[in-house]
Amino acid sequence: MSLNGEIIWVANLEGLNYGKTIIDKTGGYISLIGNTKNRSDSEIIKMDEQGSILWKNSFGGSRQEWGEDLIQFADNSLAVLGTSSSSDGEILNNYGTKDDVILAKLSYSGKLLGLKNFGGSDREWTNSFLEIGNGEFIINASTSSYDYDVINNFGATGIDNWIFKAKEIILE
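Each chain has its residues counted from 1, following the order in which its sequence is written. Thresholds applied to this predicted model are a pLDDT of at least 70 for local features of residues and 80 or more for the giving and counting of side-chain atom pairs; totals over whole chains, interfaces and linings are not thresholded and use all residues. The side-chain quantities take in all heavy atoms of the structure and omit both hydrogens and water.

Below, the discussion takes up the overall build of the protein chain. Secondary structure is summarised from DSSP: a helix means a run of H or I of at least four residues, a strand means a run of E of at least two, and numbering begins at the N terminus for each. For the protein chain, the helix and strand inventory stands at zero helices and 11 strands. Going from N to C terminus, the protein chain has its helices and strands arranged as β-β-β-β-β-β-β-β-β-β-β. For the protein chain, buried positions account for 48% of its 172 residues. Expressed as a percentage of contacts within the protein chain between residues at least 6 apart in sequence, the contacts between residues at least 24 apart total 46%. Relative accessibility thresholds used throughout: buried, under 20% of the residue-type maximum; exposed, over 50%; partly exposed, between the two (1.4 Å probe, protein chains only). Residue contacts are defined here by distance: any two heavy atoms, one from each residue, within 4.5 Å place the two residues in contact.

Here it is as structure tokens:
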């Protein structure tokens, strides 16, 4: 928007529903994470400062994925936080039949460099994350699991806030 409240440009992103997080870090580039129609995959879109799409990439499996949060690094690669209920496609292993937390890294050009899921046999979902350096993150999530990556669950309702530290995953 201009100082007078006028719209400067508009971008309608066909195929992207549920846009979630938008960041603007360097060089006027804008990164947006959301979900494709019916929440079937997480989709990341990189745009220039005029709203033109530079690239789009989606990842996921045959079930549902939700993109939640993004962090851009100094080299313009992206860390992506989300939730997945798939156990195929780019999601190699789901700990149960419900949702796991996923952490992915994409290159500057949108290529998937790595992806890892975290969770237990019940349901996990993400809220936010923070880069703390050395390729490590603090992830803020919720869980109703009590096994695999989840050590304990103390929630009276069966749901706990789950905060954990993780390293980014890079494919070899």
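Before going further, it helps to examine the sheet that holds strand β7 (residues 100-106). Reading across from one edge, β5-β6-β7-β8 is the order of the four strands in this open sheet, with antiparallel pairing throughout. The sheet is open, and its two edges are formed by β5 (65-72) and β8 (112-118), each paired on a single side. If you compare each strand with its neighbour and ignore which way they point, the axes differ by 20 degrees on average. Whether two strands pair depends on DSSP finding at least two bridges between them. Relative to β8, β7 runs antiparallel, the two being bridged by six bridges. Within the sheet, the bridge partner assigned to Leu 103 lies in β8 and is Lys 116. Note on definitions: angles span 0 to 180 degrees between N-to-C directions of axes, and those axes are lines fitted to C-alpha atoms, for helices only across the stretch in contact.

Along the chain, Ile 138 turns up in strand β10 (residues 136-143). Here Ile 138 falls in the partly exposed class, since its relative accessible area comes to 29%. Residues Ile 138 and Ile 163, 25 residues apart in the sequence, show an inter-C-alpha distance of 6.9 Å. When residues no more than four places from it in sequence are discounted, the contact partners of Ile 138 are Ser 128, Phe 129, Leu 130, Ile 132, Ile 163, Phe 164 and Lys 165.

Pairing in this open sheet of three strands is antiparallel, and the strands run β9-β10-β11 from one edge to the other. If you trace the sheet from one side to the other, it starts and ends with β9 (124-133) and β11 (160-167), each paired once. Adjacent strand axes in the sheet meet at a mean angle of 20 degrees when their direction is disregarded. Note: β9 against β10, eight bridges, orientation antiparallel.

Both faces of the sheet carry side chains from a regular strand, because those side chains alternate between them. With seven of seven residues buried, strand β6 (residues 78-84) is to be regarded as a mostly interior element. Burial along β6 is two-sided: the residues Leu 78, Val 80, Gly 82 and Ser 84 and Ala 79, Leu 81 and Thr 83 are all buried. Where β5 lies against β6, seven bridges are found, and the strand directions are antiparallel. In the sheet register, Ile 71 faces β6, and the bridge partner there is Ala 79. As consecutive antiparallel partners, β5 and β6 are separated by five residues, and within that stretch Asn 76 has a phi angle of approximately 70 degrees, a positive value. Both β6 and β7 contribute to a ladder of seven bridges, which runs antiparallel.

Aromatic rings from Phe, Tyr and Trp, with only the six-membered ring used for Trp, were paired whenever their centres fell within 6.5 Å, and each pair was classed as stacked if the ring planes differed by under 30 degrees, edge-to-face if by over 60, and tilted otherwise. A full pass over the atoms with the stated rule returns five aromatic pairs. Members of the aromatic cluster, connected to one another through ring pairs, are Phe 73, Phe 129 and Phe 137. Ring-over charges, as used throughout, are those where CZ of Arg or NZ of Lys falls within 6 Å of the ring centre and within 35 degrees of the ring normal. Stacked on the ring of Phe 73, the Lys or Arg Lys 105 has its end atom at 5.0 Å from the ring centre. Its end group placed over the ring of Phe 118, Lys 116 keeps NZ or CZ at 5.3 Å from the ring centre.

Moving on, we get to the environment of Ile 159. Looking at the element boundaries, Ile 159 is found in the loop between β10 and β11. The partly exposed category is assigned to Ile 159, whose relative accessible area is 40%. Spatially, the C-alpha atom of Ile 159 lies 9.0 Å from that of Arg 123, the residues being 36 residues apart in sequence. Beyond its immediate chain neighbours, meaning those up to four positions away, Ile 159 contacts Trp 125, Ser 142, Thr 143, Ser 144 and Asn 153.

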